[in-house]
Amino acid sequence: MTGLDWVVLFITLTVIVGYGLYRSRGSNTVDRFLLAGKTMPWYAMALSIMATQASAVTFISTTGQAYTDGMRFVQFYFGLPIAMVILCATVVPVFHRAKVFTAYEYLEQRFDSKTRALASIIFLCQRGLSAGLTLYAPAIVLSVILGWPERATIFLMGVTVITYTTLGGVKAVTWSDVQQMIIIFVGLVIALVTLIHMMPASLSLPDALYLAGAAGRLNAVTTTFNWDDRFTLWSGLIGGTFLFLSYFGCDQSQVQRYLTGKSIGQSRESLIFNAVAKIPMQFFILFIGAMVFVFHLFVAPPVLFERAVLDRMQHTAAFQPVQEHYQSAFDRRREAAQRLIEAHHSGDGPGEQQQASSYRAAQRDLDAARKEASKLVESTTGEKDFDDTNYIFLSFVTRYLPAGLVGLIIAVIFAATMSASAGEINSLATVTMIDLYRRYFRKGATDHHYLMASRWATVFWGAYAVIFAGWGRKLGSLIVAVNVVGSLFYGSLLGVFVLAFFFRHVRGTAAFFGMLAGEAAIFWAFFFTGISFLWYNVIGCVVVILTALTITHGMGPQKAGGEAITDARA
Amino acid sequence: MPEIRDVRDEPPPFLGTWRRVYTAVLVYLALIITACYLFTRAWQ
């Protein structure tokens, strides 16, 4: 990074945090600190929802995924508009009218205290585990790119997030998110325009698309059905709908964003905006990755994108032949790409088919050389499943983009990390304070007492995330496990909310045991089947509903609950 | 602790009713999936 990059990075981050704090003045009551006094306009909530969901990994991993595997990942988001419509019609008005701080508070109104407590604890476990990862995953990549120690990067991001989240509450988080999303949009658009501008002069945009498509990098839709394939049209539409219903309807980190709306309509508009904008945005990010692939058809990419590992490997004798294989494979692929374009332009059908086959064969050879290099890294360093996909985009940024723009893109990654982390910490603090502290430990205290408790809870969860992230490397494979574990809880949460909204005769005890059964089913699927994680939400949700209905039917509605139904819709 | 204030419901800023907005979103989804499918086919 040049001096100009550092200036751009520093100014961008200062403006984001400063503006967030400026807009959060007056967050001096619990209502204002946790719900912004219900004053937020739709566009602020909309961008905040988007920013909270899009962590840094979304940008660095998604682009890398398009480079290596194509654009199939976009299908993951096909269920999102359906989920948003369902949530706008059901959850949003009910939560607003119930006057709740958290989604789980509503469960006590509808069922009973034990169901609320179980849902709150499930949320704290799940979101608490991922809070450290949100900081840790991008910090590893940024540390390699910036040459900083990992803990320094984690500490810098963590302390910044804790400061503005503790001082300004949800208002600071939301307004910072707005700035962060604007920076992210601007940074990515400039990156794509620059990338296209850097392509060889003889290569038009349709040519670039043709070469990316011929290598399978523009495969946005896969219509085949396969339980084990994460990204197909069907897993996106069915599994994705359930996942996004869970995430936006039952996860406090998202629910809290739209509970700050100044009207039910404004909250709905914020979700509708995401329903419309999310798929094009993901398509755009993936398209950048596909264009990086085309750029590297003509400019040799490094055999390993993680520069520190590459530098280390280059000093080993065994790496030399791998490097030579990679270089010759790259030369063959570049020539094949040029011949394919010529055949395409000449309109020679059979010749084009033949050149396309040679081009794909050259790509396979290049992939094999990269795999060989990865195997060598694993055998030399002892690292298991070495994968440098997350370094592809930032490697391109730091090697080829002009000064100033590099600083802006690094600021994008910082911004994405901070926005996702702030949303998590803010929601963890809210559930801790409202659903546990105020409910079980200190009832009837003053507003000021709960405001201070909220601030201390924010500091606690922020410090926890920083410490967890700081020890990330020592945890090794556990980190990977934790990432998977995060996806194991949504199904049962979704199931209990579906019961709450659509099965009026089901009472608390049935819902409580339904949740436990749902969790058991998800863990069974995780440990004993090869089913893709997207389907866990469907399985968990269905088991919760069936179990609760069976208990209700078996015991009768009077015995299966206890408390009378208090439906907030009434 | 003071109670959270009431918020009002209101019609959408376009299309008149929320039901129409939801229908428009689902039609948009169908169109965007079709567009992605055609994009895949065009550059395969």
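Conventions adopted
Along each chain, numbering runs from 1 in the same order as the chain's sequence is written. Going through the entries in the order they are written, you letter the chains from A and number the ligands from 1. Per-residue local features of the predicted model are confined to residues with pLDDT of at least 70, and side-chain atom pairs are confined, for both listing and counting, to 80 or more; whole-chain, interface and lining totals are unaffected and use all residues. Only DSSP runs of H or I with at least four residues qualify as helices, and only runs of E with at least two residues qualify as strands; both kinds are numbered from the N terminus onward. Note on burial: count the other C-beta atoms lying within 10 Å of the residue's C-beta; 20 or more is buried, 12 or fewer is exposed, in between is partly exposed, and C-beta positions come from the backbone. Residue pairs qualify as contacts under a 7 Å threshold applied to their C-beta atoms, which are placed from the backbone. In this analysis, the expected span of each helix is defined as 1.5 Å times one less than the number of residues it contains. Amino acids outside the nonpolar list (Ala, Val, Leu, Ile, Met, Phe, Trp, Tyr, Cys, Pro) and the charged list (Asp, Glu, Lys, Arg) are all regarded as polar, and Gly is one of them. To obtain each axis, a line is fitted to C-alpha atoms, and for helices this fit is confined to the stretch in contact; angles are then taken between N-to-C directions over 0 to 180 degrees. Here roughly perpendicular refers to angles of 65 to 115 degrees, roughly parallel to angles under 35, roughly antiparallel to angles over 145, and oblique to all remaining angles. Helix crossings get a hand from a simple test, with the near helix turned counterclockwise from the far one by less than a right angle marking a left-handed crossing and a clockwise turn marking a right-handed one. Bear in mind that the domain bounds are from an automatic or database domain assignment. Per-residue confidence from the predictor is reported as pLDDT, a score between 0 and 100. The nonpolar core is taken to be a set of buried Ala, Val, Leu, Ile, Met, Phe, Trp, Tyr and Cys residues joined by way of C-beta atoms within 7 Å.

Student: Quick question: what am I supposed to make of the overall build of chain A here?
Tutor: If you tally the helices and strands in chain A, you get 24 helices and 0 strands. C-alpha extents for chain A along the principal axes are approximately 75 × 50 × 45 Å. Each of the 570 residues in chain A was classed as buried or not, and the buried ones make up 56%. Pairs at least 24 residues apart make up 85% of the contacts formed inside chain A by residues separated by at least 6 positions.

Student: Help me understand the overall build of chain B in this model?
Tutor: A count of helices and strands for chain B gives 1 helix and 0 strands. Here the C-alpha coordinates of chain B stretch approximately 60 × 30 × 10 Å along the principal axes. Looking at chain B as a whole, 23% of its 44 residues qualify as buried.

Student: Honestly, helix α15 (residues 319-346) of chain A in this entry has me stumped. Any pointers?
Tutor: The periodicity of an α-helix, 3.6 residues per turn, causes residues three or four positions apart to be oriented the same way. Residue and element names in this part refer to chain A. For α15, which comprises 28 residues, the first-to-last C-alpha distance of 41 Å matches the rise-based estimate of 40 Å (1.5 Å per residue) to within 8%. Buried within α15 we find F319, V322, Y326, A329, F330, R333, A336, A337, L340, I341 and A343. Contact partners of the buried residues in α15: α10 (205-214), α13 (264-298), α14 (307-313) and α16 (349-381). Of the residues one or two after α15, G347 is the one with positive phi, at around 75°.

Student: Any chance you could explain the interface of chain A and chain B here in plain terms?
Tutor: Reports of interface size often rely on the accessible area that becomes lost once the parts have come together. Contact with chain A, which involves 35 residues of that partner, is made by 26 residues of chain B. Where the side of chain A that touches chain B is concerned, the elements lending two or more residues are α2 (30-35), α5 (80-89), α6 (91-98), α10, α13 and α19 (447-470) of chain A. Per-element tally for the side of chain A that touches chain B: the top contributor is α13(A), with 7 residues. Here the residues of the side of chain A that touches chain B sort into 22 nonpolar, 7 polar and 6 charged.

Student: I keep staring at the packing of α15(A) against α16(A) and nothing clicks. Help me out?
Tutor: Helix-helix packing is described using two parameters, namely the angle between the two axes and the distance between the axes. Residues and elements named next belong to chain A. Running from N to C, α15 and α16 cross one another at 160°; their axes reach a closest spacing of 8 Å. By the angle between their axes, α15 is roughly antiparallel relative to α16. The two elements α15 and α16 meet at a crossing, and its hand is left-handed. Grouping the amino acids of the contact of α15 with α16 by side-chain chemistry returns 16 nonpolar, 6 polar and 7 charged.

Student: Teacher, can you tell me more about the domain arrangement of chain A here?
Tutor: Residues and elements named next belong to chain A. On domain assignment, one finds that chain A holds domain 1 (3-294 + 404-473), domain 2 (307-345 + 358-387) and domain 3 (489-570). Counting from both sides, the interface comprises 32 residues of domain 1 and, opposite them, 29 residues of domain 3. Breaking the side of domain 1 that touches domain 3 down by element, the ones donating at least two residues are α6, α7 (103-110), α8 (113-146) and α11 (233-250). Looking at the side of domain 1 that touches domain 3 element by element, the count peaks at 11 residues for α11. For the side of domain 1 that touches domain 3, a count of residues per class yields 16 nonpolar, 9 polar and 7 charged.

Student: What exactly am I supposed to notice about the confidence of the model for chain A here?
Tutor: In regions of low pLDDT, the predicted coordinates are not meant to be interpreted in detail. Of all residues in chain A, 94% attain a pLDDT of 70 or more, and the chain-wide mean is 86. In the predicted structure, residues 560-570 of chain A sits below a pLDDT of 50 and forms 27 contacts with residues beyond four places in sequence or in another chain.

Student: What am I meant to see in the nonpolar core here?
Tutor: Nonpolar side chains in soluble globular proteins generally cluster together in the buried interior. Among the nonpolar cores identified, the biggest contains 211 residues, and M84(A), L211(A), A290(A), A411(A), V412(A), I413(A) and V496(A) are the most heavily contacted of them. Setting aside anything within four residues of it in sequence, one finds A290(A) in contact with A66(A), M71(A), A212(A), R217(A) and L218(A).

Student: Is there a simple way to think about the confidence of the model for chain B in this case?
Tutor: Residues with a pLDDT of 70 or more make up 95% of chain B, whose mean pLDDT is 89. Under the prediction, the complex receives an ipTM of 0.94, its pTM being 0.87.

Student: Teacher, can you tell me more about the environment of L211(A) here?
Tutor: Residue and element names in this part refer to chain A. Tracing the backbone shows L211 in helix α10. Taking the C-beta count within 10 Å as the criterion, L211 has 25 such neighbours and is therefore assigned buried. With 80 residues separating them in the primary sequence, L211 and M291 have C-alpha atoms 9.7 Å apart. With residues near it in sequence (within four places) discarded, L211 still touches V294, L297, A337, L340 and I341.

Student: Got a minute to help me understand the environment of S202(A) in this structure?
Tutor: Residue and element names in this part refer to chain A. Looking at the secondary structure, you find S202 in the loop between α9 (150-197) and α10. We classify S202 as exposed; it has 9 C-beta atoms within 10 Å. The spacing of S202 and N274 is 72 residues in sequence and 38 Å in space, taken between C-alpha atoms.

Student: What is the right way to look at the packing of helix α4 (residues 56-69) of chain A against helix α18 (residues 405-441) of chain A in this model?
Tutor: Residue and element names in this part refer to chain A. Their axes nearest at 6 Å, the elements α4 and α18 cross at an angle of 130°. It follows that α4 is oblique to α18 by the angle criterion. Facing α4, whose interface residues are A56, T58, F59 and I60, α18 presents V412, I413, A416 and T417. The class makeup of the residues in the contact of α4 with α18 is 6 nonpolar, 2 polar and no charged.

Student: When you look at unusual backbone geometry in this model, what are you seeing that I'm missing?
Tutor: Glycine aside, negative phi is the norm for most residues, and most peptide bonds take the trans geometry. In this structure, K38(A) is a non-glycine residue whose phi angle is positive, near 50°. Among the secondary structure elements, K38(A) is positioned in the loop between α2 and α3 (42-53).

Student: Could you clarify how one ought to interpret the environment of D69(A) in this entry?
Tutor: Residue and element names in this part refer to chain A. Mapped onto the secondary structure, D69 falls in helix α4. Judged by the 16 C-beta atoms lying within 10 Å of it, D69 falls in the partly exposed class. Distance in space between the C-alpha atoms of D69 and L218 is 9.2 Å, their sequence separation being 149 residues.

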